[in-house]
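Now for the letters of each chain:
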Amino acid sequence: QLMAGLWDHEGLYDRILPHADAIIESFPESFVGYVLKGDAYLELGAFEEARANYKNVLKQQQQEESKNESAKDRVRVLHQKIGMTWWKQENYLKAYRAFLKGIDVFSPTATLQDLYHLGMSALRSGKNRQAYAFLVYLRDYRIPPEEDALRQQVEAVLAQLEENKH
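Before going into details, it helps to say that this report is about the structure given with it. Because the structure is a prediction, the values reported are computed rather than measured.

1. Examining the environment of Ala 133
Then step 1. Here Ala 133 lies in helix α8 (residues 128-142).
Then step 2. C-alpha of Ala 133 to C-alpha of Leu 115: the two residues are 18 residues apart in sequence and 11 Å apart in space.

Written out as structure tokens, the structure is:
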């Protein structure tokens, strides 16, 4: 697992796969190997393979959710990861649906990137009202002053949405 972390840091995602397989073989009940493999496939652009690994773990974690608070967090993260596979394939409606399951907008753990992807996937899937609400929330309550570039980007999208209302 340590070597896989090193390869990830170096951007050598293809080298992670044998390590992920070894983890899966040694610990088939653990989510770690599957998520590691899914993350490597995501970065390699093998989105179907990434989703298959994430969904494999998702089923397992959903069964654990009622007994284990950590499993609930993993389920949300897995939905976000599945959403990113759809986002990178430009299937924004499926990305939006996955992000909705994975991102708690009001949670302090929701990152700026999470909220941006949620708002933009809503917009790109034709859900303009939802996109507007998410992006206004992002702009008004979550973007810190030092993130000026992101603020300008969000404001430009909001201005376009306002213009399209009229």
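The structure having been displayed, the exposition proceeds.
2. A few points about the pattern of salt bridges
Then step 1. For the coordinates displayed, the defined rule picks out 7 salt bridges.
Then step 2. Arg 76 is the salt-bridge partner of Asp 73, the closest N and O atoms lying 2.4 Å from each other. Of this pair, Asp 73 and Arg 76 both sit in helix α5 (residues 69-88), separated by 3 residues, roughly a single helical turn.
Then step 3. Looking at Asp 73, the relative accessible area reads 37%, which means it is partly exposed.
Then step 4. Measuring nitrogen to oxygen at the nearest pair gives 2.7 Å for the salt bridge that ties Asp 140 to Arg 139.
Then step 5. On the basis of relative accessibility, which here comes to 23%, the residue Arg 139 falls in the partly exposed class.

3. Remarks on the side chain of Arg 51
Then step 1. Relative to the assigned elements, Arg 51 resides in helix α4 (residues 47-64).
Then step 2. A distance of 2.5 Å separates the side chain of Arg 51 from the side chain of Glu 48, its partner in a polar contact.
Then step 3. Beyond its immediate sequence surroundings of up to four residues, Arg 51 is in contact with Ile 82, Thr 85, Trp 86 and Gln 89.

4. Notes on the nonpolar core
Then step 1. In terms of nonpolar packing, the biggest core is built from 49 residues, with Trp 87, Phe 99, Leu 115, Leu 118, Leu 135, Leu 138 and Val 154 touching the most fellow members.
Then step 2. Elements represented by at least two residues in this core include exactly α2 (16-26), α3 (32-44), α4, α5, α6 (92-102), α7 (112-124), α8 and α9 (148-165).
Then step 3. When neighbours within four sequence positions are excluded, Leu 115 is seen to be in contact with Ile 103, Val 105, Ala 110, Tyr 137, Leu 138 and Arg 142.

5. Describing the packing of α7 against α8
How two helices sit against one another is set out by the angle between their axes and by the gap between those axes.
Then step 1. Relative orientation of the contacting elements α7 and α8 amounts to 155°, with a least axis distance of 7 Å. Viewed along their axes, α7 and α8 adopt a mutual orientation that is roughly antiparallel. For the crossing formed where α7 meets α8, the hand is left-handed. Here Leu 112, Leu 115, Tyr 116, Leu 118, Gly 119, Met 120, Ala 122 and Leu 123 of α7 come into contact with α8, specifically with Asn 128, Gln 130, Ala 131, Phe 134, Leu 135, Tyr 137, Leu 138 and Arg 142.
Then step 2. For the contact of α7 with α8, the class distribution of residues is 12 nonpolar, 3 polar and 1 charged.

6. Description of the environment of Leu 42
Then step 1. As for its position among the elements, Leu 42 is in helix α3.
Then step 2. Here Leu 42 falls in the buried class, since its relative accessible area comes to 10%.
Then step 3. Taking C-alpha positions, Leu 42 is 9.1 Å from Tyr 13, a pair spaced 29 residues apart along the chain.
Then step 4. Other than its neighbours up to four places away in sequence, Leu 42 contacts Phe 47, Ala 50, Tyr 54, Met 84, Thr 85 and Lys 88.

7. Focus: the packing of aromatic side chains
The geometry of an aromatic ring pair is captured by two quantities: the separation of the ring centres and the angle between the planes.
Then step 1. Throughout the structure, instances matching the rule amount to 3 aromatic pairs.
Then step 2. Aromatic pair Trp 87 and Tyr 92: ring centres 5.1 Å apart, planes at 75°, arrangement edge-to-face. Tyr 92 shares its class with Trp 87; the two are buried.
Then step 3. A ring pair is formed by Tyr 137 and Tyr 141, whose centres lie 5.7 Å apart and whose planes are at 35°; its orientation type is tilted.

8. Remarks on α7
Then step 1. With 13 residues, α7 should cover 18 Å at 1.5 Å per step; its first-to-last C-alpha distance of 18 Å lies within 8% of that length.
Then step 2. Every buried residue belonging to α7 is among Asp 114, Leu 115, Tyr 116, His 117, Leu 118, Gly 119, Met 120, Ser 121 and Ala 122, and all of these are buried.

Conventions adopted
- Residues numbered from 1 in each chain as written.
- Predicted model: local features only at pLDDT ≥ 70, side-chain atom pairs only at ≥ 80, totals over all residues.
- Heavy atoms only, no water.
- Helix = DSSP H or I, 4+ residues; strand = E, 2+ residues; numbered from the N terminus.
- Salt bridge = Lys/Arg side-chain N within 4 Å of Asp/Glu carboxyl O.
- Buried < 20%, exposed > 50% of the residue type's maximum accessible area, 1.4 Å probe, protein only.
- Polar contact = N/O pair within 3.5 Å; in protein donor to acceptor, adjacent residues only side chain to side chain.
- Contact = heavy atoms within 4.5 Å.
- Core = buried A, V, L, I, M, F, W, Y, C linked by side-chain atoms within 4.5 Å.
- Axes fitted to C-alpha atoms, helices over the stretch in contact; angles between N-to-C directions.
- Parallel < 35°, antiparallel > 145°, perpendicular 65-115°, else oblique.
- Left-handed = near helix turned anticlockwise from the far one by under 90°.
- Nonpolar A, V, L, I, M, F, W, Y, C, P; charged D, E, K, R; others polar.
- Phe/Tyr/Trp six-rings, centres within 6.5 Å; stacked < 30°, edge-to-face > 60°.
- Expected span 1.5 Å × (residues − 1).

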